[in-house]
Amino acid sequence: MELERLIAEFNAQTGIEKTASADGVWRYSADGRVFGVTADEQGERLFLFGDIPPPDEDREDAFRKTVLEANYFFRGTGGATLALNPDTGAYALVQSAPLADMTPEGFFSLVESFVNALAVWCSISAGTREAPPAQSENAAPQSSPPAEGRFEFLQV
């Protein structure tokens, strides 16, 4: 299923009116955290991405170490990758998945899991939460449910 159809289904399920992409990127906000959705040039993989605010300067080294440890076999990222955006220098969370067999339900679940992981890492960066416990590479990604129930998504 192509990304545009998944986006249309997602928007219908979340009550978002028809949205347009900007250069092939759809942007949403969930609980004040902006994230984007796009696909590679071949239309084979979709990508979810969102910026993480930088930690306080005195916590920068500890945060970078925590990021690297969490990236190890995705142990603390729910299957996403933590990185530095080479264009902006901002921390970012990025997740990809094949588009070929993606269902609308699978897409919604992927977005929900990603938004949860983004919220966790924004909290870790802000110093209001500790890093998630390490999980083995064979363990299912762990995510916590949103505090207020389902997220409300907005096109931004």
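Residues numbered from 1 in each chain as written. Predicted model: local features only at pLDDT ≥ 70, side-chain atom pairs only at ≥ 80, totals over all residues. Heavy atoms only, no water.

I'd love a proper account of the side chain of T38, names of residues and values included.
Examined against the element boundaries, T38 turns out to sit in strand 2 (residues 33–39). Among the residues examined, T38 registers a relative accessible area of 16% and is labelled buried. When neighbours within four sequence positions are excluded, T38 is seen to be in contact with L3, G24, V25, R45, L46, F47 and F49. (Helix = DSSP H or I, 4+ residues; strand = E, 2+ residues; numbered from the N terminus. Buried < 20%, exposed > 50% of the residue type's maximum accessible area, 1.4 Å probe, protein only. Contact = heavy atoms within 4.5 Å.)

A description of the pairing of strand 5 (residues 91–98) should follow, citing residues and the corresponding values.
Taken together, the eight bridges between strand 3 (residues 45–52) and strand 5 define a ladder with antiparallel strand orientation. What sits directly across from D51, in strand 5, is A92. In the sheet, strand 4 (residues 81–84) pairs with strand 5 via four bridges, with the strands oriented antiparallel. The residue of strand 5 that forms the bridge with L84 is Y91. Linkage of strand 4 to strand 5, two consecutive antiparallel strands, is achieved through a turn of six residues, within which G89 is found at a positive phi near 80 degrees. (Pairing = 2+ DSSP bridges.)

Spatial relationships are all this shows, so hold off on functional conclusions.
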